[in-house]
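Spelled out, the chains give:
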Protein chains: 2
Amino acid sequence: MAKKMLRLDDFLPYRLSFTTALLSEGIAQNYEASFGITIPEWRIIAWIAEKGSITQQQICAQTRMDKMTVSRAAIALTDRALLHRLPNPEDGRSHLLALTAEGQQLHAAIAPRALELERRIFSHFSEAEIDAFRSMLRRIDAIVLSEEGSGRD
Amino acid sequence: MAKKMLRLDDFLPYRLSFTTALLSEGIAQNYEASFGITIPEWRIIAWIAEKGSITQQQICAQTRMDKMTVSRAAIALTDRALLHRLPNPEDGRSHLLALTAEGQQLHAAIAPRALELERRIFSHFSEAEIDAFRSMLRRIDAIVLSEEGSGRD
DNA sequence: TCCAAAAGGTATCAATTGTTACTAATTAGC
DNA sequence: GCTAATTAGTAACAATTGATACCTTTTGGA
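A brief look at the structure comes next. (Residues numbered from 1 in each chain as written. Chains lettered and ligands numbered in written order. Predicted model: local features only at pLDDT ≥ 70, side-chain atom pairs only at ≥ 80, totals over all residues.)

### Concerning the overall build of chain A
And then number 1: Helix and strand counts for chain A come out as six helices and two strands.
And then number 2: Listing the helices and strands of chain A from first to last along the sequence gives α-α-α-α-β-β-α-α.
And then number 3: Against the globule reference of 15 Å for 153 residues, chain A gives a C-alpha radius of gyration of 19 Å, more extended than a compact globule.
And then number 4: Put simply, chain A has 153 residues, and 28% of those count as buried.
And then number 5: Considering only contacts in chain A between residues 6 or more positions apart, those separated by 24 or more positions represent 46%. (Helix = DSSP H or I, 4+ residues; strand = E, 2+ residues; numbered from the N terminus. Rg over C-alpha atoms; globule rule 2.2 N^0.38 Å. Buried ≥ 20, exposed ≤ 12 C-beta atoms within 10 Å, placed from the backbone. Contact = placed C-beta atoms within 7 Å.)

### Some details on the protein's contact with DNA strand C
And then number 1: Close to DNA strand C lie 17 residues, the nearest being Q56, Q57, S71 and S94 of chain A together with G92 of chain B.
And then number 2: Secondary structure elements with two or more residues in the surface near DNA strand C: helix 3 (56–63) and helix 4 (67–79) of chain A together with helix 4 (67–79) of chain B.
And then number 3: Per-element tally for the surface near DNA strand C: the top contributor is helix 4 of chain A, with five residues.
And then number 4: Across the surface near DNA strand C, the residue classes break down as four nonpolar, eight polar and five charged. (Near = placed C-beta within 6 Å. Nonpolar A, V, L, I, M, F, W, Y, C, P; charged D, E, K, R; others polar.)

### A closer look at the protein's contact with DNA strand D
And then number 1: Taken together, the neighbourhood of DNA strand D is formed by 17 residues, with G92 of chain A together with Q56, Q57, S71 and S94 of chain B sitting nearest.
And then number 2: Elements represented by at least two residues in the surface near DNA strand D include exactly helix 4 of chain A together with helix 3 (56–63) and helix 4 of chain B.

### Digging into the nonpolar core
In globular proteins that are soluble, nonpolar side chains generally tend to be buried together.
And then number 1: In terms of nonpolar packing, the biggest core is built from 27 residues, with I44, I45, A46, I48 and A74 of chain B touching the most fellow members.
And then number 2: Mapped by element, the contributors of at least two residues to this core are helix 1 (12–35) of chain A together with helix 2 (39–51), helix 4, strand 2 (95–99) and helix 5 (101–122) of chain B.
And then number 3: Top contributing element to this core by residue count: helix 2 of chain B, with seven residues.
And then number 4: Look past the residues within four positions of A74 of chain B in its chain and what remains in contact with it is I44, Q56, L83 and L97 of chain B.
And then number 5: Listed in part, the 25 residues of the second largest apolar core include I48 and L77 of chain A together with F11 and F18 of chain B. (Core = buried A, V, L, I, M, F, W, Y, C linked by C-beta atoms within 7 Å.)

### Brief notes about the relation of the copies chain B and chain A
And then number 1: Superposition record for chain B on chain A: RMSD 0.0 Å, screw rotation 180°, translation along axis 0.0 Å. Here the two chains are linked by the operation of a two-fold rotation axis. When C-alpha positions in chain B are compared against the rotation axis, the closest is assigned to F133 of chain B, at 3.2 Å.
And then number 2: A symmetric contact is evident, with 100% of the interface residues of chain B recurring at the interface of chain A. (Least-squares fit on C-alpha atoms with pLDDT ≥ 70 in both.)

### A closer look at the interface of chain B and chain A
And then number 1: Between chain B and chain A, the residue contacts involve 42 residues of the former and 43 residues of the latter.
And then number 2: Elements that contribute at least two residues to the side of chain B that touches chain A include exactly helix 1 (12–35), helix 2, helix 5 and helix 6 (127–150) of chain B.
And then number 3: Ranked by residues supplied to the side of chain B that touches chain A, first place goes to helix 1 of chain B with 14 residues.
And then number 4: Split by residue class, the side of chain B that touches chain A holds 25 nonpolar, six polar and 11 charged.

### Section: the packing of helix 2 of chain B against helix 5 of chain B
Residue and element names in this part refer to chain B.
And then number 1: Contact geometry of helix 2 with helix 5 gives a least axis separation of 10 Å together with a crossing angle of 100°. Compared by their axis directions, helix 2 and helix 5 come out roughly perpendicular. Mapping the contact onto sequence places W42, I45, A46 and A49 in helix 2 and G103, L106, H107 and I110 in helix 5.
And then number 2: Here the contact of helix 2 with helix 5 is composed, by residue class, of six nonpolar, two polar and no charged. (Axes fitted to C-alpha atoms, helices over the stretch in contact; angles between N-to-C directions. Parallel < 35°, antiparallel > 145°, perpendicular 65-115°, else oblique.)

### Side note on the environment of A108 of chain A
Residues and elements named next belong to chain A.
And then number 1: With respect to the secondary-structure elements, A108 resides in helix 5 (residues 101–122).
And then number 2: The class of A108 is exposed, set by 10 C-beta atoms lying within 10 Å.
And then number 3: Distance from A108 to M136, taken between C-alpha atoms, is 30 Å for residues 28 residues apart in sequence.

### As for unusual backbone geometry
Trans peptide bonds make up most of the peptide bonds, and negative phi angles are found at most residues other than glycine.
Residues and elements named next belong to chain A.
And then number 1: Positive phi is not limited to glycine here, since A81 has a value of about 60°.
And then number 2: Within the secondary structure, A81 sits in the loop between helix 4 and strand 1 (83–87).
And then number 3: Taking the number of C-beta atoms within 10 Å as the measure of exposure, A81 has 11 and is therefore exposed.

Following this line, the structure appears as structure tokens:
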């Protein structure tokens, strides 16, 4: 049988990257234009809104964002008074990040828009398809992470 | 019923971005370490190998890479003699990119590795799952692109 | 309790990426 | 066929991103 040829256009890592870039472009512009906020900043806000106060390190661990990215975003948000950084009683090196009232308001404004955007795009699919898709992404994560964990020099 | 709350961790654009980043990191390192090549460079090589000679513009249109990114990558590849740029008889502004013998060799070396990597990760899924996944990505592309086409200022 | 090693965070610097402006070639309207 | 408007590609600049080194606090021995 013929050896399988590589077609970039069908290559899954490429397709993933393509779709992600397409989607992210629009979202980034949207958040930037409407709320003056970057994606890392938005992620931090969303994460804190969901979890309550949290350290930068924990955000890094969850999201795999670079710690410098998180640091910069946290500083910017603090400067805009969307965040405050409380001293962490359990560890003087870190701060606990928490949303200010203003930060909560911003979150309350963005979150429905994000959900609406997600709905608009994925309304073309069935619940089952969406669930399968999401779970497939999660399984891919697990596979890649496990490879990383083992096969490292 | 309770209004749907946003959980970043389940938010599909975020999940896509997360998985893509995870996957791309590893791949980029791999290509860089083994072949001294970046992802944009690899994409150009793969695309030319598949389609034969092609202009930069056509690569941009297909891959949605920035035209500057493509320009830089093409220059770098030409410097390394992996690519040559033939004058385009049909349009003097552009060049036709084509792989040199060396470029073809490099492609022949990378392609199987890429396929192997894809296989390694996706061997955990059934053919049906993979096809569904790929087609879902393509449909998302189509939806986003169609929105872009219509809803523009 | 003191010292070495590690961890949270940031500053600084390097590299990558994207923007804007420009050149050269082409097409289109007249 | 000549100008005006477009397009392919690049250069020069600005902004983002990431890597390294550093400071401070904490932790874990001896």
